[in-house]
Amino acid sequence: MIPGVLTVAGSDSGGGAGIQADLKTMLALGVHGMSVITAVTAQNSIGVQGAWELPVEAVRAQYRSVVDDIGVRAVKTGMLSSAELVETVAELIAGTDAPSVVDPVGVSKHGDALLAPSALDSVRTALLPVATVATPNLDEVAHLTGVRVESEDDLRRAAEAVLAYGPRWVVIKGGHLAGDAVDLLTDGSQEHWLRAPRHDNRHTHGTGCTLASAIASQLAKGQTVPEAVMAAKEYVTGAIAAGFALGAGIGPVHHGWNLG
Ligand SMILES: Nc1ncnc2c1ncn2[C@@H]1O[C@H](COP(=O)(O)OP(=O)(O)O)[C@@H](O)[C@H]1O
Ligand SMILES: Cc1ncc(COP(=O)(O)OP(=O)(O)O)c(N)n1
């Protein structure tokens, strides 16, 4: 049976990040992707031109439709926009018997806000505690914990600060540091350093969404968290290497790079 994976995230009209990146990743990794749309963005390679949240009852209804009938083997969250949506999604995940990958999306690559500042506390106190794996980037770590990562040496301190909010595992994404693309996966006792060569490719729109969806896809196929994160890192590294120009700005990663 093909395992089902659910993404709870915002729509990116340009197709590089958000729901669109998640569903493409899931197809490329051989799982059945399903979606709960939390917000719609007007977005392209140069930025986010507009964003509209869906009502809480629309999010709840989409989630119940999928989980109650089809069932899910893993859940991934992305753009949640408001405190009310963060708290609703946290409650839904807590009641679902499947691993969850929480990408605490705050701001797009172009600096456009995808989460209200007033929602940060709900991410800390409601969403992170129900995450199997949290995948913050360095900017999200700084906003959530106050820890500023300037080099690889700071990644362990950042991971400890995020783990204090309760996710079982955390991947601190060091993608915005100079040098190799190094991420740290830890549950507080085991540590796995994931290192890949930095690809000198400006077409990196959607890297974070792609990594988190790939982790959820591998978990749905029965891998352990370390196995899933290592396989996801390999997938996102290949997708970045094959990223391509589209529009006038930052193009998307190539989600189908592994399909031949
Ligand atoms: N230029 C790059 N070359 C190789 N890997 C990269 C590059 N940029 C980011 N990554 C990797 O992509 C993944 C997503 O990280 P990042 O881009 O920091 O996330 P986000 O999109 O949330 O800011 C991480 O595994 C990171 O190490
Ligand atoms: C709708 C939507 N969700 C999430 C993001 C952020 O995606 P990410 O993978 O972190 O990629 P960049 O925006 O950093 O390229 C988004 N842009 N839109």
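Fair warning: this is a prediction, and the values are worked out from it, not measured in the lab.

Definitions and cut-offs
Think of each chain on its own: its residues are numbered from 1, step by step along the sequence as written. Chain letters and ligand numbers both follow the written order, the letters beginning at A and the numbers at 1. Totals for whole chains, interfaces and linings use all residues, but because this is a predicted model, local features are given only for residues with pLDDT of at least 70 and pairs of side-chain atoms are given and counted only at 80 or more. In computing side-chain values, all of the structure's heavy atoms are included and hydrogens and water are not. Numbering of helices and strands starts at the N terminus; helices are DSSP runs of H or I of at least 4 residues and strands are runs of E of at least 2. This radius of gyration counts C-alpha atoms alone. The globule rule is 2.2 Å times how many residues there are, raised to the power 0.38. Each residue is assigned to one of three classes by its accessible area relative to the maximum for its type, calculated with a 1.4 Å probe on protein chains only: buried under 20%, partly exposed between the two thresholds, exposed over 50%. It only takes one pair of heavy atoms within 4.5 Å for two residues to be counted as in contact. Surface accessibility follows the Shrake-Rupley procedure with a 1.4 Å probe radius. Residue values consider only the protein chains on display as shielding. Note on charges: Lys and Arg go in the positive column, Asp and Glu in the negative column, and His and the chain ends are not counted at all. All charge positions are set by atom: Lys at NZ, Arg at CZ, Asp at CG, Glu at CD. For each residue, the test is whether any non-hydrogen atom lies within 4 Å of the molecule or strand; if one does, the residue is near. Residues adjacent in sequence count toward polar contacts only when both atoms are side-chain atoms; beyond that, a polar contact is any pair of N or O atoms within 3.5 Å, and within protein one must be able to donate a hydrogen and the other to accept it. Grid points spaced at 1 Å and placed over the protein atoms alone form the basis of the search, with a cavity being a set where a 1.4 Å probe fits but cannot get out and a pocket an open set showing protein on both sides within 12 Å along at least five of seven lines. Lining residues have an atom within 4 Å of a point. In this description, a molecule resides in a pocket or cavity if more than half of its atoms sit within 2 Å of the grid points defining it. Residues are grouped as follows: nonpolar covers Ala, Val, Leu, Ile, Met, Phe, Trp, Tyr, Cys and Pro; charged covers Asp, Glu, Lys and Arg; every other residue, Gly included, is treated as polar. UniProt positions are given in the numbering used here, feature names are shortened, and annotations may be inferred rather than shown by experiment. Note on definitions: salt bridges are taken to be side-chain nitrogens of Lys or Arg within 4 Å of carboxyl oxygens of Asp or Glu. Grid points are joined across faces, edges and corners, and a volume is the space filled by probe spheres set on the points. One less than the residue count of a helix, multiplied by 1.5 Å, gives the span that helix is expected to have. Should DSSP find at least two bridges between two strands, the strands are regarded as paired.

## Concerning the overall build of the protein
- Looking only at helices and strands, the protein features 8 helices and 9 strands.
- Taking 18 Å as the expected radius of gyration for a compact globule of 260 residues, we find that the protein reaches 16 Å, a close match to that expectation.
- Looking at the protein as a whole, 57% of its 260 residues qualify as buried.
- Long-range contacts, defined here as pairs at least 24 residues apart, represent 67% of the contacts in the protein between residues at least 6 apart.
- Approximately 10,600 Å² of the protein is accessible, and the part contributed by carbon and sulfur atoms is 53%.
- Put simply, the protein has 17 plus and 27 minus side-chain charges, and the middle of one group is 3 Å from the middle of the other.

## Observations regarding the site of ligand 1
- For ligand 1, the set of nearby residues contains 14 residues, the closest of which are Lys173, His176, Asp183, His199 and Thr207.
- Histidine 176 is positioned with one of its side-chain polar atoms (N or O) 2.6 Å from an oxygen atom of ligand 1.
- Within the backbone of glycine 208, one N or O atom sits 2.9 Å away from an oxygen atom of ligand 1.
- For ligand 1, the protein covers 92% of the area, taking 560 Å² as the surface of the free molecule.
- Its atoms largely coinciding with the cavity grid, ligand 1 occupies the largest pocket.
- Within the shell around ligand 1, the residues separate by chemical class into 3 nonpolar, 6 polar and 5 charged.

## Thoughts on the UniProt feature "domain: Pyridoxamine kinase/Phosphomethylpyrimidine kinase" (unreviewed entry) in the protein
- Listed under "domain: Pyridoxamine kinase/Phosphomethylpyrimidine kinase" (unreviewed entry) in the UniProt record, and renumbered for this structure, are residues 12-254.
- With 39% helix and 19% strand, the stretch residues 12-254 has end C-alpha atoms that lie 15 Å from each other.

## Description of the environment of cysteine 209
- In this structure, cysteine 209 sits in helix α7 (residues 207-220).
- Spatially, the C-alpha atom of cysteine 209 lies 8.4 Å from that of isoleucine 19, the residues being 190 residues apart in sequence.
- When neighbours within four sequence positions are excluded, cysteine 209 is seen to be in contact with Ala17, Gly18, Ala21, Asp22, Lys76 and Asp103.

## Describing the pattern of salt bridges
- The tally for this structure, following the rule as stated, stands at 10 salt bridges.
- Put simply, arginine 157 and aspartate 154 hold a salt bridge, and the shortest N to O gap is 3.6 Å.

## Thoughts on empty space enclosed by the protein
- For the coordinates displayed, the defined rule picks out 1 cavity of 30 Å³ or more.
- In this model, the largest cavity occupies a volume close to 50 Å³.
- For the largest cavity, the full set of lining residues is Gly78, Leu80, Val86, Pro104, Val105, Leu115, Val123 and Leu127.
- Split by residue class, the lining of the largest cavity holds 7 nonpolar, 1 polar and no charged.

## Concerning the layout of surface pockets
- Empty space within the largest pocket amounts to approximately 820 Å³.
- The set of elements that each furnish at least two residues to the lining of the largest pocket consists of β1 (4-12), α1 (18-28), β2 (32-44), α5 (138-145), β8 (181-186), α7 and α8 (225-241).
- In the lining of the largest pocket, the residues fall into 13 nonpolar, 18 polar and 11 charged.
- What the second largest pocket holds in volume is close to 190 Å³.

## Details of helix α3 (residues 83-94)
- Here α3 contains 12 residues, and its C-alpha end-to-end distance of 16 Å stays within 8% of the 16 Å for a straight helix at 1.5 Å per residue.
- Buried residues of α3: Leu85, Val86, Thr88, Val89, Ala90, Leu92 and Ile93, and no others.

## A few points about the pairing of β8
- Within β8, 6 of the 6 residues are buried, which leaves it mostly tucked inside the rest of the structure.
- The alternating pattern of β8 places Ala181, Asp183 and Leu185 on one face and Val182, Leu184 and Thr186 on the opposite face, and all of these are buried.
- Where strand β7 (residues 169-173) and β8 come together, 4 bridges link them in antiparallel fashion. For valine 171, the partnering residue across the bridge sits in β8 and is leucine 185.
- Relative to strand β9 (residues 191-196), β8 runs antiparallel, the two sharing 6 bridges.

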